[in-house]
Amino acid sequence: MSWNFDDIKTQLTADQSAVADAKSLESFRVKYLGRSGLLQQIYDSMKTLPPDEKPLVGKEANVLRQSLEIFVNDRKKVLESSDSKPSGFFDPTMPGVAFSVGHQHLLTQTMDEICDIFQQMGFSIHEGPEKETEFNNFTALNIPDNHPSRDGFDTFYLDEPDPKQKGARCLLRSHTSPGQIRIMQQFKPPLAVVIPGKVYRPDAVDASHSFMFHQIEGLLVDKDIKFSDLKGLIETFLKKFFGPEIRMRFRPHYFPFTEPSAEVDISWQEGKKDWLEIMGCGMVHPNVFKAVGYPDGKYTGLAFGLGVERIAMLRHRINDIRYFYQNDVRFLEQF
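Described below are features of the structure shown in this document. Here the structure is a predicted model, which means the values were calculated and not measured.

What counts as what
- Residues numbered from 1 in each chain as written.
- Predicted model: local features only at pLDDT ≥ 70, side-chain atom pairs only at ≥ 80, totals over all residues.
- Heavy atoms only, no water.
- Axes fitted to C-alpha atoms, helices over the stretch in contact; angles between N-to-C directions.
- Helix = DSSP H or I, 4+ residues; strand = E, 2+ residues; numbered from the N terminus.
- Parallel < 35°, antiparallel > 145°, perpendicular 65-115°, else oblique.
- Left-handed = near helix turned anticlockwise from the far one by under 90°.
- Contact = heavy atoms within 4.5 Å.
- Nonpolar A, V, L, I, M, F, W, Y, C, P; charged D, E, K, R; others polar.
- Phe/Tyr/Trp six-rings, centres within 6.5 Å; stacked < 30°, edge-to-face > 60°.
- Buried < 20%, exposed > 50% of the residue type's maximum accessible area, 1.4 Å probe, protein only.
- Lys NZ or Arg CZ within 6 Å of the ring centre and 35° of its normal.
- 1 Å grid on protein atoms, 1.4 Å probe; cavity = no way out; pocket = protein on both sides within 12 Å on 5 of 7 lines; lining within 4 Å.
- Points joined across faces, edges and corners; volume = space filled by probe spheres on them.
- Core = buried A, V, L, I, M, F, W, Y, C linked by side-chain atoms within 4.5 Å.

### A look at the packing of helix H5 (residues 106-120) against helix H8 (residues 227-242)
Here's step 1: Close contact between H5 and H8 brings their axes to 10 Å; oriented N to C, the two are set at 130°. The angle between H5 and H8 places the two elements in the oblique class. Read as a crossing pair, H5 and H8 show a hand that is right-handed. Along its contact with H5, which presents Thr-110, Glu-113, Ile-114, Ile-117, Phe-118 and Gln-120, the element H8 presents Leu-233, Phe-237, Lys-240 and Phe-241.
Here's step 2: Of the residues that constitute the contact of H5 with H8, the class distribution is 6 nonpolar, 2 polar and 2 charged.

### Examining the packing of aromatic side chains
Here's step 1: A complete count under the given rule lists 16 aromatic pairs for this structure.
Here's step 2: Taking 4.9 Å as the distance between ring centres and 80° as the angle between the ring planes, the aromatic pair formed by Phe-241 and Phe-242 counts as edge-to-face. In this structure, Phe-241 and Phe-242 share a single accessibility class: buried.
Here's step 3: The rings of Phe-118, Phe-123, Phe-237, Phe-241, Phe-242 and Phe-304 are connected pair by pair, giving a single aromatic cluster.
Here's step 4: A cation over a ring is seen here: Arg-315 above Phe-241, with NZ or CZ 4.0 Å from the ring centre.

### Here's the deal with the layout of surface pockets
Here's step 1: Estimated volume of the largest pocket: approximately 1,200 Å³.
Here's step 2: Lining the largest pocket we find 46 residues, and of these Arg-201, Phe-213, Gln-215, Phe-255 and Glu-277 sit closest to its centre.
Here's step 3: For the lining of the largest pocket, the secondary structure elements donating two or more residues are strand E6 (212-222), strand E7 (247-255), strand E8 (258-267), strand E9 (276-284), strand E10 (300-307) and helix H10 (308-316).
Here's step 4: Among the elements that line the lining of the largest pocket, the one with the most residues is E9, at 6 residues.

### Observations regarding H10
Here's step 1: When H10 is considered as a whole, its buried residues turn out to be Val-308, Glu-309, Ile-311, Ala-312, Met-313 and Leu-314.
Here's step 2: Phi turns positive one or two residues past the end of H10, at Arg-317, with a value near 60°.

### Focus: the nonpolar core
Here's step 1: Phe-237, Phe-304 and Phe-324 are the most contacted members of the largest nonpolar core, which totals 39 residues.
Here's step 2: For this core, the secondary structure elements donating two or more residues are H5, strand E5 (191-200), H8, E8, E9, E10 and H10.
Here's step 3: What Phe-324 contacts, discounting residues up to four positions off in sequence, is His-105, Leu-106, Leu-107, Glu-309, Ala-312, Met-313, Ile-318 and Phe-331.
Here's step 4: By size, the runner-up hydrophobic cluster in this structure holds 24 residues, among which are Leu-141, Leu-171, Ile-181 and Val-193.

Everything listed here is a matter of coordinates, which is why it stays silent on function.
Right under this line is the structure:
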């Protein structure tokens, strides 16, 4: 007599799913493991099998027996455990189980607060992809081919060609400024947006550097936007975020994608030389407008970018950026 073990396994699966209580489990055990059960019938039939089939049938029968015994023992434990508890029993006098309720991470709180301030001033929020093209991350932002930021020591390049620029590659964005390019390619002025997100640079991790951190990019484009608009916007933001007593100054600086450009410093104490750089800003460079196809000379714009970790560290007097990522509950519970 030959045995089709595939058919046996199919029937076995169906019978196992029907076992719902101790009675059906015992019926299942007798059917397969009893003295006259299927497994015993298989063993008895081996006496009449050809010599070359006996090892194969014996092996399948042993595997079947092992799986049957495991199922019966495991299901018996489950049923005994459920039978020990009265069905539907509930004691309302027992104290409830308290669950620890978490809260937003400090960086998320900081990003949300910054974005809320700019939303109150008429800006909308957009997010761009973390995987960027070299065109959006560098070329369209007027960053020359020989600029140090394009070097492999400063950017995480991917093994994937840039579909917009021949010979270029995709990368993990090194700043949120490529979001400007995507927004201007998609929308016509007037526009006012802030773009929060993660950025990546292959920096050695220490108290003030990380290979991944957060930035918020700002962009305002319209007709007749002036540098005085930029100064007023930044002053309003900083006073709302740090308080009306904050002092600030603009220092001339260089960024390839803005002209003129400036860095912004802040100070808390009158008369003390404790200026701290907080953000970069400037007027959108005409070459950036050209890269996105805006008419020459028709629009002007302002842009700014700030590091979320840096702002959070200054505001809360945190002296090590690594605290944000170590998941130390003692640190997280403070904010």
